[in-house]
Amino acid sequence: MTGTDNTVADDDALYVLTAVLLTPAQFPSVLGDDYPAACAALGLQPYAGGFGLVMGQDGDGARWTVVVDDVSLVAVAIASWDCGMEYDLSPDDRTVVCALPGWPLAVAIAAPGVPAPHDPAPDPGAEGGDLPPLAPPDTDEWGPAQRRLGADAIALQWAVWREQIDDETTFVPAGGGGTGGEGAVGGDGAASGADGGNGTDTGSRAAEDNSTADGEDAAESEGAAEHSTSSDRHPGVRRALAEAHAYVDAPPPPGRVRSSFAPGDARTIRADGPGWSMVARTDDIAFLLLDEIPGEILPVGRGTELPGLLKALDALAVRPS
């Protein structure tokens, strides 16, 4: 979708293709575990009020990302586009913080009437040296970016993933203990599980995640589970849960823990840390993804500890305004 119907008339104009928010409560998590990290990926200081990232092409077809401090304007544009409405996103020059070459996220559309998207040519006269063009993080191989995209996809499609949990699969206990035993793989190929707080974990093999910067949609995970693992004592699981608990006593950087709407009185919790991502509902279970277990989605049972942890994380989390 575009923010304008007019073709670029000259090299100084920008044909707006899409936009995303970069705020403590809402940012492309593919860029980092928290808001300061996402800002650092773009060479920006983590301004408390946040930014809007407007992505488009100039008259030569070159990719540009215009950073603006008018977050409300960009939020209105995104909301309008999400509702299928036209919105001419034209930030005032006074709100422009900087213009960065390239796009930090993948954009699947292109402006009509101009050359195909490409990085702008280096500017030898640029002060302080020419910045390398922004480029989307590599998500072809499992790593932090792919892990965070997978967590975002679960948060967006919670019901789909929760349906795969049945009465045969046991969970990673929230306290990190538990006894051995193999998880089961359902007949449809998807990893299955049960509610409860004891036992082992069953990991669902996440399929590919691809990202497009259309609003702030994260990639959708597709496909079925390939196998299960028994890792009730996996050190990565214990470490992730311990670090999540530690956030309660020593609050992490802004955006490391985020809380968003969920049906009923519940909240959706998204938390990240070095090498791990968590998705949870305050009235339900949690899912963990770890860098060291590629593609596995590990359900964490409520037990006696998880409800209190999620309540505490929700209390310290940043929320969309």
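Residues numbered from 1 in each chain as written. Predicted model: local features only at pLDDT ≥ 70, side-chain atom pairs only at ≥ 80, totals over all residues. Heavy atoms only, no water.

Q: Would you mind going over the sheet that holds strand β3 (residues 63-68) with me for this structure?
A: Working definition: the strands of a sheet are paired by backbone hydrogen bonds and lie parallel or antiparallel to each other. Pairing in this open sheet of four strands is antiparallel, and the strands run β1-β2-β3-β4 from one edge to the other. Pairing within the sheet leaves two strands with one partner each, and these edge strands are β1 (15-22) and β4 (96-101). Going from strand to strand, the sheet's axes swing by 20 degrees on average, the running direction of each strand aside. Judged from the six bridges that link them, strand β2 (residues 51-57) and β3 form a sheet pairing that is antiparallel. Note that in β3 the partner of Gly56 across the bridge is Trp64. Relative to β1, helix α2 (residues 71-82) is tilted by about 115 degrees, and along the sheet it contacts β1, β2 and β3. (Pairing = 2+ DSSP bridges. Helix = DSSP H or I, 4+ residues; strand = E, 2+ residues; numbered from the N terminus. Axes fitted to C-alpha atoms, helices over the stretch in contact; angles between N-to-C directions. Contact = heavy atoms within 4.5 Å.)

Q: I tried to follow α2 on my own but got confused; where do I start?
A: Helical geometry note: an α-helix holds 3.6 residues per turn, so side chains three or four residues apart project in the same direction. Compared with an ideal rise of 1.5 Å per residue, which puts twelve residues at 16 Å, α2 spans 16 Å between its outermost C-alpha atoms and is within 8% of the ideal. Within the span of α2, buried status applies to Val71, Leu73, Val74, Ala77, Ile78, Ser80 and Trp81. Two residues or fewer past α2, Gly84 is found with a positive phi of approximately 80 degrees. (Expected span 1.5 Å × (residues − 1). Buried < 20%, exposed > 50% of the residue type's maximum accessible area, 1.4 Å probe, protein only.)

Q: Can you help me understand the pattern of salt bridges in this one?
A: Any two side chains of opposite charge can pair, given that their charged atoms come close. Scanning the entire structure with this criterion turns up 14 salt bridges. With a shortest N-O distance of 2.9 Å, Arg148 and Asp33 are connected by a salt bridge. In this pair, Arg148 sits in helix α3 (residues 144-156) while Asp33 sits in the loop between β1 and α1 (35-41), placing the two residues 115 residues apart along the sequence. Asp33 carries the same exposure label as Arg148, and that label is buried. Glu243 is the salt-bridge partner of Arg239, the closest N and O atoms lying 3.9 Å from each other. Residue Arg239 and its partner Glu243 are both found in helix α5 (residues 235-249); the two are separated by four residues, about one turn of the helix. For Arg239, a relative accessible area of 30% puts it in the partly exposed group. When its relative accessible area of 22% is taken as the criterion, Glu243 is described as partly exposed. Through salt bridges with shared partners, one network takes in Asp33, Arg147, Arg148, Asp152, Arg258, Arg270, Asp272 and Asp291. (Salt bridge = Lys/Arg side-chain N within 4 Å of Asp/Glu carboxyl O.)

Q: Explanation requested: the environment of Arg148 in the structure shown.
A: Looking at Arg148, the relative accessible area reads 6%, which means it is buried. Taking the C-alpha atoms as reference, Arg148 lies 7.8 Å from Asp33; in sequence the two are 115 residues apart. Dropping the residues within four chain positions of it, Arg148 is found in contact with Ser29, Val30, Leu31, Gly32, Asp33, Arg270, Asp272 and Ser277.

Q: Please explain the nonpolar core as it appears in this structure.
A: Nonpolar side chains tend toward joint burial in soluble globular proteins. Of all hydrophobic cores here, the largest spans 25 residues; its most connected members are Leu22, Leu42, Leu44 and Phe51. Elements represented by at least two residues in this core include exactly β1, α1, β2 and α3. For this core, the element with the highest residue contribution is β1, accounting for four residues. Excluding anything up to four places from it in sequence, Leu42 contacts Leu22, Leu31, Leu53, Leu100, Pro104 and Leu134. Judged by nonpolar contacts, the second largest core, of 22 residues, contains Ala240, Ala244, Ile269 and Ala286. (Core = buried A, V, L, I, M, F, W, Y, C linked by side-chain atoms within 4.5 Å.)

Q: Explain the pairing of strand β6 (residues 257-261) to me, please; I cannot follow it from the model alone.
A: Remember that side chains alternate between the two faces of the sheet whenever the strand is regular. Alignment of β6 against strand β7 (residues 267-273), held across five bridges, turns out to be antiparallel. Its bridge partner being in β7, Phe261 is matched across the sheet by Arg267. Counting the residues in the hairpin turn of β6 and β7 gives five residues, including Gly264, whose phi is positive at 70 degrees.

Q: Which parts of the structure should I look at to understand helix α6 (residues 306-316)?
A: Within the span of α6, buried status applies to Leu306, Leu309, Leu310, Leu313 and Asp314. In an axial view of α6, the angular spread of the buried residues amounts to 135 degrees, which keeps them on one side of the axis. Facing away from the buried side of α6, by more than 90 degrees, are the exposed residues Lys311 and Ala315. For α6, the elements touching its buried residues are α5, β6, β7, β8 (276-281), β9 (286-290) and β10 (296-300). (Arc of directions from axis to C-beta.)

Q: How should the environment of Ser277 be read in this particular structure?
A: In this structure, Ser277 sits in strand β8. The exposure class assigned to Ser277 is buried, which follows from its relative accessible area of 0%. The spacing of Ser277 and Ala244 is 33 residues in sequence and 9.8 Å in space, taken between C-alpha atoms. When near neighbours in sequence (up to four residues on either side) are disregarded, Ser277 contacts Arg147, Arg148, Ala151, Arg270, Ala271, Asp272, Phe287, Leu288 and Leu289. A distance of 3.0 Å separates polar atoms of two side chains, one belonging to Ser277 and the other to Arg147. (Polar contact = N/O pair within 3.5 Å; in protein donor to acceptor, adjacent residues only side chain to side chain.)

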